[in-house]
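# Remarks on the overall topology
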Amino acid sequence: MKRPVAYIAGTGKGIPAHVMTNHDFAAIGIETSHEWIVERSGIHERHIAKAETGCSLGSEAARQAMQRAGVDAGEIDVIVVSTATPDRLLPATAVDIQAEIGASRAAAFDISAACSGWLYALTVAEGMMAAGTGETFLVIAAEKMSAITDWTDRSTCVLFGDGAGAVVLKRSEGAHANRGILSAYMRSDGTLADLLYRPNGGSTTPFSAEVLADRSHYVKMSGREVFKHAVRSMADACDRALDGAKMSGSDIDLLIPHQANVRIIEATAKHASIPMEKVYVNVDRYGNTSSASIPIALEEVVESGRVRDGSRILMVAFGAGFTWASMVVRL
Ligand code: UT7
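Values in this document were obtained by computation on a predicted structure and should not be read as measured data. (Residues numbered from 1 in each chain as written. Predicted model: local features only at pLDDT ≥ 70, side-chain atom pairs only at ≥ 80, totals over all residues. Heavy atoms only, no water.)

## Side note on the overall build of the protein
Across its full length, the protein holds ten helices and 13 strands. Since a compact globule built from 331 residues should have a radius of gyration of about 20 Å, the 19 Å found for the protein is in line with a globular shape. When its C-alpha atoms are laid out on the principal axes, the protein stretches across 55 × 45 × 35 Å. Relative to its 331 residues, the protein shows a buried fraction of 55%. For the protein, the exposed surface amounts to about 13,400 Å²; the carbon and sulfur share of it is 51%. Positive and negative side-chain charges in the protein, numbering 32 and 38 respectively, have mean positions lying 4 Å apart. (Helix = DSSP H or I, 4+ residues; strand = E, 2+ residues; numbered from the N terminus. Rg over C-alpha atoms; globule rule 2.2 N^0.38 Å. Buried < 20%, exposed > 50% of the residue type's maximum accessible area, 1.4 Å probe, protein only. Areas by Shrake-Rupley, 256 points an atom, 1.4 Å probe, with all protein chains shown as cover. Lys, Arg positive; Asp, Glu negative; His and termini not counted. Charge placed at Lys NZ, Arg CZ, Asp CG, Glu CD.)

## Regarding the environment of Ser183
Take Ser183: it is sitting in strand E8 (residues 180-188). With 131 residues separating them in the primary sequence, Ser183 and Leu314 have C-alpha atoms 9.5 Å apart. If sequence neighbours within four positions are ignored, Ser183 has contacts with Ala241, Gly244, Ala245, Ser326, Met327 and Val328. A distance of 2.7 Å separates a polar side-chain atom of Ser183 from the backbone oxygen of Ala241. (Contact = heavy atoms within 4.5 Å. Polar contact = N/O pair within 3.5 Å; in protein donor to acceptor, adjacent residues only side chain to side chain.)

## Some remarks on the packing of helix H2 (residues 54-69) against helix H3 (residues 93-101)
At a closest axis distance of 9 Å, the pairing of H2 and H3 adopts a crossing angle of 55°. The angle between the axes of H2 and H3 places the two elements in the oblique class. Pair H2 / H3 crosses with right-handed handedness. For the pair formed by H2 and H3, the contact residues are Gly54, Cys55, Gly58, Ser59, Ala62, Arg63 and Met66 on the first element and Thr93, Asp96, Ile97, Glu100 and Ile101 on the second. Residues that form the contact of H2 with H3 fall into these classes: five nonpolar, four polar and three charged. (Axes fitted to C-alpha atoms, helices over the stretch in contact; angles between N-to-C directions. Parallel < 35°, antiparallel > 145°, perpendicular 65-115°, else oblique. Left-handed = near helix turned anticlockwise from the far one by under 90°. Nonpolar A, V, L, I, M, F, W, Y, C, P; charged D, E, K, R; others polar.)

## Regarding helix H4 (residues 117-130)
Since one α-helical turn is 3.6 residues long, residues separated by three or four positions face the same way. The end-to-end C-alpha distance of H4 is 20 Å, a good match for the 20 Å that 14 residues give at a rise of 1.5 Å each. Buried residues dominate H4, accounting for eleven of its 14 residues. When we look at burial in H4, the residues that qualify are Gly117, Trp118, Leu119, Tyr120, Ala121, Leu122, Thr123, Ala125, Glu126, Met128 and Met129. Within two residues after H4, Gly132 carries a phi angle of roughly 85°, on the positive side. (Expected span 1.5 Å × (residues − 1).)

## A closer look at unusual backbone geometry
The general pattern is negative phi for most residues beyond glycine and trans for most peptide bonds. Residues Leu90 and Pro91 are joined by a peptide bond in cis, for which omega reads -5°. Here Pro91 lies in the loop between strand E4 (78-82) and H3. The backbone phi angle of Ala114 is positive, close to 50°, even though this residue is not glycine. Relative to the helices and strands, Ala114 is located in the loop between strand E5 (107-111) and H4. Look at Ala114 and you get buried, because its relative accessible area is 13%. The backbone phi angle of Lys246 is positive, close to 55°, even though this residue is not glycine. Its location among the elements puts Lys246 in the loop between helix H7 (223-244) and strand E11 (254-257).

## A short note on the site of the ligand
Taken together, 22 residues lie around the ligand, and Thr32, Arg40, Arg224, Asn261 and Asn288 are the ones closest in. Here an oxygen atom of the ligand and a side-chain polar atom of Arg224 are 2.4 Å apart. Put simply, the parts of the chain that give the shell around the ligand at least two residues each are helix H1 (34-41), helix H5 (154-157), H7 and helix H8 (262-271). Of the residues forming the shell around the ligand, the biggest block, four residues, is contributed by H7. Taken together, the residues of the shell around the ligand sort by class into eleven nonpolar, six polar and five charged. Residue assignment places the shell around the ligand across two domains, with domain 1 (6-176) and domain 2 (180-330) each supplying three or more. (Near = heavy atom within 4 Å. Domains from an automatic or database assignment.)

The structure is reproduced here in structure tokens:
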């Protein structure tokens, strides 16, 4: 096991005020039921951004994480934002958040790795810290999935939600020398990109009246195929991160999986031999918030006292690309 380079010094989240329940789909003409959605996914409700943006939610999460870490915006060296739903296509959401929170000394950029993006961002930030690029990082995930959801497609619109999560990452030294990222694993398979994607609206086929008419700028997903790959890849990713940390499932205090579907979460926990009492689930309240799901969950387990400094946490994610990633952290 490697010596940790970077530890999580504070967590935060930003959640839109508006709650949409499964019963609310009837009002927008979607033929579905609370029972179907709960049975297939475990989702009861999700938060949908009305006035909020990725920048406002990400900034709220960042401010909370900085306050809990005892860090001022002026101390931030680097802001890494994971998002599949940037506020604008150019420039990055990270620079909008930088301006909003007043982190005037920071370098800021976005990472695009879909639902795995926040674990990718954390791994990139840790590597930059190891290379000496900075001492204090904000690693944020900010997602407004409702903006890329086809609200006429019942196979996807019931699944997603909006939100943001953030951590302050600081160097593992002094009293915090044993805290931090103990192992990290990342993988991708671009040959399967078309199973979960937005066909048009990018630079190959820019947004146009045709794209608008055929709704091809919205997320398309082959749900059953994605499900199979998610179960397989998240199981493998758990093994890799545990191997890297020289641990087994029984050494883990809490598993925080990406929150897409409670059945995928249960299969992942079973594979890693981690009982469900040691698994955090909040997909029932938020739906799938893409890369924000893990940092939102992390904020909740820290704030509720479910974990504390020294707790060993396994995090694992899977998403479009396909991308998948995992990490063992000593809090
Ligand atoms: O975060 C990135 C990773 N994403 C994921 O991990 C999502 C992975 N996939 C899943 O979670 C599941 O595949 C879903 C929850 C999306 C769907 O569950 P499923 O058990 O795979 O259902 P299905 O797509 O195979 O659909 C079963 C039936 C279909 O009807 P037929 O063809 O069997 O007659 C659908 O038309 O359910 C129907 N259906 C619905 N019925 C009521 C699809 N969506 C709905 C709906 N309400 N919202």
